[in-house]
Amino acid sequence: MSKIVVLISGNGSNLQALIDNVTSGDLEAEIAAVVSNKADAYGLIRAQEAGIPTEVLDLKEVLSDGGNREGYDIELAGLVAAYEPDLIVLAGWMLILGKGFLDRFPNKVINLHPAMPGAFAGTRAIERAHAAFQRGEIKRTGVMVHRVIPEVDAGPVVTKEPVPIFPGESVDELEERVHEVEHNLIVAAVALVLGQT
Ligand code: GRF
C-alpha cells in the first residue's frame, strides 16, 4: 500500500477529501501522517479523528529558537522522512519549500493550487481571479495539481480543471465552487501519481 504524508496549514477540507476516499477504499493508499506548520490548524483535528498520526513544526518557533529557514526545511524533511512516504501531498500548505526539503524527496512532492498553470501564483489566488474577472481580463479560473519545484506554484502539471466565473457571483460563492473542484482533483491527482488510474 502506497504511503502518503499530507502537509497542511489550515482548515484541511482537501485533507478530508483524501481521508474520506482512503476510508471508502476509492483511493488505495495509507495516510501515514499529517504535518502542519500551525498547531491550531483544524486539519490536525480531522487527522486525529481519523486516527492518523500528526506532527507540528512551527516556523516561528524554529526561528525564535535561533534556527533559520534552511534549517527549518531540513528539520521538516527529517520529520517527514521518518514516515517513509511514497508521495508527499501539499494540501493547503502555505510555506515555500526550499532545496533542503525538495532535494530529500526528488519528484515525490505535489501541490494543490486554486488557479490554472501560470496564473495567480502565490496567495489569495481565488480573490485575485475574481477581481481580474470584474476587470474583464479573464472569463474563468481553475485548479491545478503540480509537481513541486523551488519556484512557487510552478512545476510540471499533474492535472488541472478550469472553473468558470459567473457575472454577479461573490468571491465567497466562487471560492465554494473552487473548493468543490479541488476536493475531487486532489484525490484524482494522488491516484494518478500512484498509478491507480
Ligand atoms: C486550498 O484552496 C488550496 O488550494 C490552497 O489553500 C486552500 C486550503 O484549503 N493552497 P483547505 O485547508 O484544504 O480547506
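Residues numbered from 1 in each chain as written. Predicted model: local features only at pLDDT ≥ 70, side-chain atom pairs only at ≥ 80, totals over all residues. Heavy atoms only, no water.

Visitor: Honestly, the site of the ligand in this entry has me stumped. Any pointers?
Guide: For the ligand, the full set of nearby residues is N11, G12, S13, N14, G92, M94, L112, P114, H179 and E182. The separation between an oxygen atom of the ligand and a polar side-chain atom of S13 is 2.5 Å. Between the ligand and N14, the relevant distance is 2.8 Å, taken from an oxygen atom to a side-chain nitrogen or oxygen of the residue. Its free accessible area being 370 Å², the ligand has 85% of it covered by the protein chains. Secondary-structure elements contributing two or more residues to the shell around the ligand are α1 (13-24) and α7 (171-193). Of the residues in the shell around the ligand, the class split is three nonpolar, six polar and one charged. (Near = heavy atom within 4 Å. Polar contact = N/O pair within 3.5 Å; in protein donor to acceptor, adjacent residues only side chain to side chain. Areas by Shrake-Rupley, 256 points an atom, 1.4 Å probe, with all protein chains shown as cover. Helix = DSSP H or I, 4+ residues; strand = E, 2+ residues; numbered from the N terminus. Nonpolar A, V, L, I, M, F, W, Y, C, P; charged D, E, K, R; others polar.)

Visitor: How should I be thinking about the packing of α1 against α7 in this particular structure?
Guide: The description of two packed helices rests on the angle between their axes and on the distance between the axes. Two numbers describe how α1 lies on α7: the axes approach to 9 Å, and their chain directions differ by 55 degrees. When the axes of α1 and α7 are compared, the pair comes out oblique. The way α1 lies across α7 gives a crossing that is right-handed. Facing S13, N14, A17, L18 and N21 of α1, the residues of α7 in contact are E182, H183, I186, V187 and V190. (Axes fitted to C-alpha atoms, helices over the stretch in contact; angles between N-to-C directions. Parallel < 35°, antiparallel > 145°, perpendicular 65-115°, else oblique. Left-handed = near helix turned anticlockwise from the far one by under 90°. Contact = heavy atoms within 4.5 Å.)

Visitor: Explanation requested: the environment of A91 in the structure shown.
Guide: Within the secondary structure layout, A91 lies in the loop between β4 (87-90) and α5 (99-102). Residue classification places A91 among the buried residues on the basis of a relative accessible area of 5%. Separated by 20 residues in the primary sequence, A91 and N111 place their C-alpha atoms 6.4 Å from one another. Apart from the residues within four sequence positions on either side, A91 is in contact with V6, L7, I8, N14 and L15. (Buried < 20%, exposed > 50% of the residue type's maximum accessible area, 1.4 Å probe, protein only.)

Visitor: Explanation requested: the environment of E173 in the structure shown.
Guide: Relative to the helices and strands, E173 is located in helix α7. A relative accessible area of 43% places E173 in the partly exposed class. Along the sequence, E173 and P150 sit 23 residues apart, while their C-alpha atoms lie 32 Å from each other. Polar side-chain contacts of E173 include one of 2.6 Å to the backbone nitrogen of S170.

Visitor: Explain the sheet that holds strand β1 (residues 2-8) here, please?
Guide: As a general point, the strands of a sheet are linked pairwise by backbone hydrogen bonds and lie either parallel or antiparallel. Read across the sheet, seven strands follow the order β3-β2-β1-β4-β5-β6-β7 without closing on themselves; strand pairing throughout is mixed. The sheet is open, and its two borders are formed by β3 (54-56) and β7 (157-164), each paired with just one other strand. With strand direction ignored, the average angle separating the axes of adjacent strands in the sheet is 20 degrees. Pairing analysis gives four bridges linking strand β5 (residues 109-113) to strand β6 (residues 140-147), with the strands arranged antiparallel. Looking at β6, one finds that H113 is bridged to M144. In the packing of α1 onto the sheet, contacts are made with β1, β2 (29-36), β4 and β5, and the angle to β2 comes to roughly 160 degrees. (Pairing = 2+ DSSP bridges.)

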